[in-house]
Amino acid sequence: MKHLVAPSILSADFANLQQEIEMVNNSEADWFHIDVMDGNFVPNITFGMPVIKAMKKHANKPFDVHLMIEKPERYINDFKEAGADILTVHYEASTHLHRTIQQIKEAGMKAGVAINPHTSVFLLEDILSEIDLVTIMSVNPGFGGQKFIENTFVKVEDLKEMAEEINPNLYIEIDGGVTNANAYDLVEAGANVLVAGSFVFNSKNPVDTIKDLKHL
Ligand code: DX5
Ligand code: ZN
């Protein structure tokens, strides 16, 4: 599978969201990556359902919603209504993860699980056949513009190997510090979705930057 590129709206200009969305619409990006933070699971707070709903009106690509919130199971239907197509919860934030995954799928979305840098990919073995996507965090979640953690490569390789056995169609998404310096090697290692926030939105020409990430 050709890899996908998902620009992270976290680094967009929030005062010009419609313009930023149109930029992504007109680029080679595949998904919108949307980071929801609660000031509890992570130190930062971003936005919630009303902002996602407003963005959805202008967007023409799927919404990959990354929940960095405690007990995400409380809000599954709300995010569906707001426009999420893929809903990703953190392994560390949902005690009854299996049930949460089933609820996401029953609500009609693809289900993802994100893992923090300290969480082993092998902890996902018993849930891997049930999910559509794994987000390997390559920074500690909470902020854009952080430095990529190199140990991510080993995790991608291990997850890829496990996915080949258990779930060959799995999306292996990398989130945090992705640039043209590591994108090619990540895809070589087995990643098939690259999230990029600051690298895209802080560049001179975001449409070209997205294109560069797409054509490695
Ligand atoms: C971090 C978020 C990321 C963030 C990535 O907690 O999950 O999606 O936007 O930003 P960059 O690409 O700047 O590291
Ligand atoms: Zn994210």
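Residues numbered from 1 in each chain as written. Chains lettered and ligands numbered in written order. Predicted model: local features only at pLDDT ≥ 70, side-chain atom pairs only at ≥ 80, totals over all residues. Heavy atoms only, no water.

Trainee: Even after reading the chapter, I still don't get the environment of Glu125, so can you show me in this structure?
Mentor: Position of Glu125 relative to the elements: it lies in the loop between strand S5 (110–115) and strand S6 (133–137). In this structure the C-alpha to C-alpha distance between Glu125 and Leu159, which are 34 residues apart in sequence, comes to 9.1 Å. (Helix = DSSP H or I, 4+ residues; strand = E, 2+ residues; numbered from the N terminus.)

Trainee: In this structure, what is going on with the coordination of the zinc ion (ligand 2)? I would like to understand it.
Mentor: The reference angle at a metal is 109.5 degrees if four donors form a tetrahedron and 90 or 180 degrees if six donors form an octahedron. Bound to the zinc ion (ligand 2) are the protein donor atoms His33 (NE2), Asp35 (OD), His66 (ND1) and Asp175 (OD), situated 2.0 to 2.3 Å from the metal. With 6 donor atoms in place around the zinc ion (ligand 2) and angles of 70 to 170° between them, the coordination shape is octahedral. Written as a sequence motif, the donor residues of the zinc ion (ligand 2) are H-x1-D-x30-H-x108-D. Placement of the pair is His66 in strand S3 (residues 63–68) and Asp175 in strand S7 (residues 171–175), with a sequence separation of 109 residues. Residue His66 shares its accessibility class with Asp175, and that shared class is buried. (Donors = N, O, S within 2.8 Å, 3.2 Å for Na, K, Ca; no water. Tetrahedral: all angles 85-135°; square planar, octahedral: opposite > 155°, others 65-115°. Buried < 20%, exposed > 50% of the residue type's maximum accessible area, 1.4 Å probe, protein only.)

Trainee: Where do I start with the pairing of S5 in this structure?
Mentor: Residues in a regular strand point their side chains to alternate faces of the sheet. For S5, a buried count of 5 out of 6 residues is recorded, marking the element as mostly surrounded by other parts of the structure. In this view, the connection linking strand S4 (residues 86–90) to its parallel neighbour S5 by way of helix H4 (residues 97–106) has right-handed handedness. The pairing of S5 with S6 spans 4 bridges and is classified as parallel. Residue pairing for S6: Val113 is matched across the bridge by Val134. (Right-handed = clockwise from strand over helix to strand, strands pointing away. Pairing = 2+ DSSP bridges.)

Trainee: Is there a simple way to think about H4 in this case?
Mentor: Three- or four-residue spacings in an α-helix give side chains the same orientation, since the helix completes a turn every 3.6 residues. Every buried residue of H4 is listed here: Leu97, Thr100, Ile101 and Ile104. For H4, the angular spread of the buried residues around the axis is 100°, confining them to a single face. Those residues of H4 that are exposed and aimed more than 90 degrees away from the buried face are Arg99 and Glu106. The inward-facing, buried residues of H4 contact helix H3 (76–82), S4 and S5. Where H4 terminates, the next one or two residues include Gly108, which has phi positive at roughly 95°. (Arc of directions from axis to C-beta. Contact = heavy atoms within 4.5 Å.)

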